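Coordinate inspection notes
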Amino acid sequence: MSYKLGEVILSRDTIARRVKEIASEITNDYSKNDSVLFVGILTGAAFFLTDLVRELPEDLDIKVDFMSVASYGSGTKSSGVVRIFHDLKGSIEGKHVIVVEDIVDSGLTLSHLLGILQQRNPASLKVCVLLDKYERRKTEVKVDYCGFRIPDKFVVGYGLDCANQWRHLKDIKYVIEE
Ligand code: 5GP
């Protein structure tokens, strides 16, 4: 099967505006005395996370780390496998943590990951996703900050890939199967 790019679902301007709004929601929710650790889930969320944290005020105490968790194979269908390939550098005990993910679909990846992180006793644990395919949820996940709710169609761009292709697109587009 081959894939080609379809129409734009979210333009770069729309994404940039929403990223700024989420940054101000986060700014309002934490005090200047808090230290907040942003945990990006590689690879897709790296793009969203780096834009997001640069919209936060300079006097907020922000740390950034990444984890690599895989649940998908090389195509557009879930493999059902959730594995940690790369873990955080340090302890999250007593820290305010925000997990940043590109997209929540079935919710299996995030709920698995949140279970692991919760066992490490953070002061708080929140979830920030750019895209939410809420119709596809198989397990409940509390999403604290959400960019956009989107329909059940495969998308790429702004970090999201299809077989590691098209992450670099500035806009988010649908993929058409041929
Ligand atoms: P979940 O465990 O919630 O089903 O899957 C989350 C992961 O599935 C995301 O991190 C992402 O890698 C992948 N995923 C789900 N839907 C899409 C989509 O429309 N486009 C892309 N590129 N990845 C998706």
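Computed from a prediction, not measured in an experiment: that's the story for all the values here.

Details of unusual backbone geometry
Of the consecutive residues leucine 42 and threonine 43, the connecting peptide bond is found in the cis state with omega at 0°. With respect to the element layout, threonine 43 can be found in the loop between strand S2 (35-42) and helix H2 (45-53). The backbone of tyrosine 158 sits at a positive phi, close to 50°, despite the residue not being glycine. Its location among the elements puts tyrosine 158 in the loop between strand S8 (155-156) and strand S9 (172-177). Residues other than glycine seldom take positive phi values, yet tryptophan 166 does so here, at roughly 75°. Structurally, tryptophan 166 can be placed in the loop between S8 and S9.

Some points on the site of the ligand
Surveying the vicinity of the ligand reveals 17 residues, the closest of which are Ser106, Thr109, Lys133, Val155 and Asp161. Threonine 109 is positioned with one of its side-chain polar atoms (N or O) 2.4 Å from an oxygen atom of the ligand. Here valine 155 contributes a backbone N or O atom positioned 2.7 Å from a nitrogen atom of the ligand. Burial of the ligand by the protein amounts to 91% of the accessible area it has alone, namely 510 Å². Taken together, the elements giving at least two residues each to the shell around the ligand come down to strand S3 (61-72), strand S5 (96-104) and helix H3 (108-118). Considering every element that reaches the shell around the ligand, the biggest residue donor is S5, with 4 residues. Of the residues assigned to the shell around the ligand, the class counts are 7 nonpolar, 4 polar and 6 charged.

About the thresholds
Residues numbered from 1 in each chain as written. Predicted model: local features only at pLDDT ≥ 70, side-chain atom pairs only at ≥ 80, totals over all residues. Heavy atoms only, no water. Helix = DSSP H or I, 4+ residues; strand = E, 2+ residues; numbered from the N terminus. Near = heavy atom within 4 Å. Polar contact = N/O pair within 3.5 Å; in protein donor to acceptor, adjacent residues only side chain to side chain. Areas by Shrake-Rupley, 256 points an atom, 1.4 Å probe, with all protein chains shown as cover. Nonpolar A, V, L, I, M, F, W, Y, C, P; charged D, E, K, R; others polar.

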